[in-house]
Each structure stands twice: as structure tokens, then as C-alpha cells.
Amino acid sequence: MGYTIPIGPYHPALEELIYVRLFVEGETIKDAEIRIGYNHRGIEKLATQRDFLQTLILVERVCGICSNSHPLCLCMGLEAIAGIPVSKRARYIRVIMSELERIHSHLLWAGIAAHLIGFESLFMEIFQGRENIMDILEMISGNRVNYAMNIIGGVRRDLDPEQKLQVLKALEILEEKLKPIINVFLEDKTIALRTRNVGILTKEKAIDYAVVGPFARASGICEDIRKTAPYSSYEDFDFQVIVREECDVWARAVVRLLEVKESIKILRQALENLPDGPINPGKLPQIPAGETLSRLEAPRGENVHYIVTDGTDHLKRLQIRVPTYMNAPSIVEPLKGQTVADSGLIIASMDPCFSCMDR
């Protein structure tokens, strides 16, 4: 006999608004249905009613975790429309902020995954490491969330030599803390039982659904905008795109944790080779009429802004495509054939942000 089990819109395993209907027989999930749209905030419409500086502040609040990615993506688009050059130093600082954000986002996910598995001591270890990165973000920008670092033509804040040393020291500490955490995910039998061969999204299905980011790379898809379409001088940095073929929850955890190591590698290169020069033009440039598609690799995957300007001081049109919008439909596939007890962890393995998807 079959049953329908509702998960959400409010559910203790999912802190954001989402409704997933599980169609089960006994404890086995036979099919699932995902429903979205519980948190619409009208950000894209509001963006056409504010000037460019106000819109930068607005899009920064699309997502609290990716609060550097959205204003950076918007700035890159406006700079492309207006032909505004960005100094090498400003581009490197943008990379530094992006990779610090990627680290804290991936560690946030890993900590929540440990919590859902029931590994509370591991959860606390991961969040202690993440706290060091949050302190560094606060030191550089003045904020732990919504950093307000990006401005059209560059960045708002510079890094002095003392700050560079503090960031490098924090990276050294994090690297040491990361080693046992990665070893636990790689070797612990309990984590293996909860994650290996659980929530499988095959490479073929991942391509069919056009999933992005670590979710895609854990299914064997080697795609990272930082490599395939470099921006902000990412072509200057030596790093590896982490890809796994296991296609399960375990692979998604390993991809994100190993990406943290690659982010540390990028940060060291950026800090040690930080060029001299100005960080912004000093005044807001005029933005002519134009149209562009701006994209970058946010922590969750490819973030896209479609931007139209009309020569005034505000946007004519802004459309944002966040990574979760691409990944959410595919979560039906990993749920099929799994148990109800694993459903929360499988959905969380996507690292969803339903608030930014709804906007």
C-alpha cells in the first residue's frame, strides 16, 4: 500500500521553505515531487526601480551565503556594457573575497551534513574552522554577511600588509583543522553507511537536468566557470577542478571539502602576488544603454545575471538565474529507491538555497 509523505514547507531537516511530496511504499521512496515559490521577494522588479548603487545593495541580499557572488556578477555585467576597465589589484581582491566565501559556504554545508548524519562533534569541529574564515571576512569588509565589497569598476576596500599576514595565518590554521575533517569523511564507517551509494544522480541524469556546481562535479561533470570561462584574473591561478564519479551523497561531501583545499591554494597565490594599483575609479562611471549576460562560479555553481540598461541611472531589466534553480528539479532522481530516513540528507546534499531561488 502506498502513502504520500509531505516534507515542508516547514521541516526541521530543511531550514528553508520547500515542499517535497514523497510517494512511498513502506519505507522506500518510489517517486517525489518538488514545489517551490514560498518566499518570493520581487528583487528583480525592485532592481528596475533603484539606482545602480542601491541595486548592488539589493542583489547582495538575494542570498546571505552568496552575498559576494551576486553584486560581483552584476558589477561584471555593468562593466562589460560600459567598457569599464578594472585594475588587476581590484580583480585579485575580488578573487580573495570569492574564495573566502566559497570556503565558508562549503564548510557550512559540511557542518550541516554532519549534523544531519548525527555526528555532532564533527559538526562543531567544522564550524570552528568556518568561524576563523568568518572572522577574516569581517576583518576585511567590516561584515560577516553582506560584505559590500564590490562597486562598479573595482572594490570598496583594500588590503594592507598586516591584513594579508592575518589571512595567510588563518589559512594555515584552517588547513591543519581541515586534514582530520577530510579524513573522517573519507574513512569513517558511520558516514560511509549514511552517504555511500545513497542518493545517486548518474552522470547521464545530471546532464539531462543540466545541474551545476559541486552537485554536477560529484556526478562526473568537469565544469567550473573559473576554468572554462575565467573572470577576475582566475586564469592567473593554478588550481584543480575537483570531480568525482561516485555520484552519491559521499561524493558531494568530498568534492566540497577538497574544493576548500583548492580555494586555500588560490588565496595564497592571490595574497602573495597581489599587484599594486588603485582599487576603484574613484567615482561612479556612466552606464550606457546595453545588454549582456554575466556569469561566475558561485559556491553552489554557475550564477547568471541577464542585464539590460537604457542609459539612465537604473536597470531596465535584471533576471537572475541562481544555481539552485538548475539543481532543484533533479533532486527527484536521487530520492527514488531511497528510504524516508535518508530523504532530508539527500535533499540537503544538493546544498540548496530556496530563498535565493525564489528571490
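Figured I'd write up the structure that's included with this text.

Quick notes on the rules
Residues numbered from 1 in each chain as written. Predicted model: local features only at pLDDT ≥ 70, side-chain atom pairs only at ≥ 80, totals over all residues. Heavy atoms only, no water. Buried < 20%, exposed > 50% of the residue type's maximum accessible area, 1.4 Å probe, protein only. Helix = DSSP H or I, 4+ residues; strand = E, 2+ residues; numbered from the N terminus. Arc of directions from axis to C-beta. Contact = heavy atoms within 4.5 Å. Polar contact = N/O pair within 3.5 Å; in protein donor to acceptor, adjacent residues only side chain to side chain. Phe/Tyr/Trp six-rings, centres within 6.5 Å; stacked < 30°, edge-to-face > 60°. Lys NZ or Arg CZ within 6 Å of the ring centre and 35° of its normal. Salt bridge = Lys/Arg side-chain N within 4 Å of Asp/Glu carboxyl O.

So, about helix α2 (residues 52-59). Looking only at α2, the buried set comprises F52, T55, L56, L58 and V59. Buried residues in α2, looked at end-on, bunch into an arc of 160 degrees, giving them a common side. Taken together, the buried residues of α2 touch α1 (43-46), α3 (69-82), β4 (150-151), β7 (301-310) and β8 (315-321). Two or three places before L53, at the start of α2, stands the capping residue D51, its side-chain oxygen 3.2 Å from that residue's backbone nitrogen.

On to the side chain of E297, then. Within the secondary structure layout, E297 lies in strand β6 (residues 289-298). Within the structure, E297 has its side chain in polar contact with the side chain of R217 (distance 3.0 Å). Not counting residues within four places of it along the chain, the set of residues in contact with E297 comprises R102, G213, R217, D224, I225, R226, Y231 and E302.

With respect to the secondary-structure elements, K336 resides in the loop between α13 (332-335) and α14 (343-348). Owing to a relative accessible area of 35%, K336 belongs among the partly exposed residues under this scheme. Taking the C-alpha atoms as reference points, K336 and F23, separated by 313 residues in sequence, lie 9.2 Å from one another.

Right, let's get into the packing of aromatic side chains. Inspection of every chain in the model, using the stated rule, returns five aromatic pairs. Ring centres 6.3 Å apart and planes at 65 degrees place the aromatic pair Y234 and F239 in the edge-to-face group. In this pair, the class of Y234 matches that of F239, namely buried. An aromatic cluster is built from Y92, Y231, Y234, F237 and F239, whose rings are joined through pairwise contacts. Lying across the ring of F127, R130 places its NZ or CZ 5.4 Å from the centre. The positively charged end of R196 is found above the aromatic ring belonging to W250, 3.6 Å away from the centroid.

Let us look at the pattern of salt bridges. Evaluation of the coordinates by the stated rule reveals 24 salt bridges. In this structure, D342 and R194 form a salt bridge, with 3.4 Å as the shortest nitrogen-oxygen distance. With a gap of 148 residues between them, D342 in the loop between α13 and α14 and R194 in helix α7 (residues 189-195) connect regions that are remote in the sequence. Given a relative accessible area of 13%, D342 falls into the buried group. Accessibility expressed as a relative area gives 22% for R194, which makes it partly exposed.

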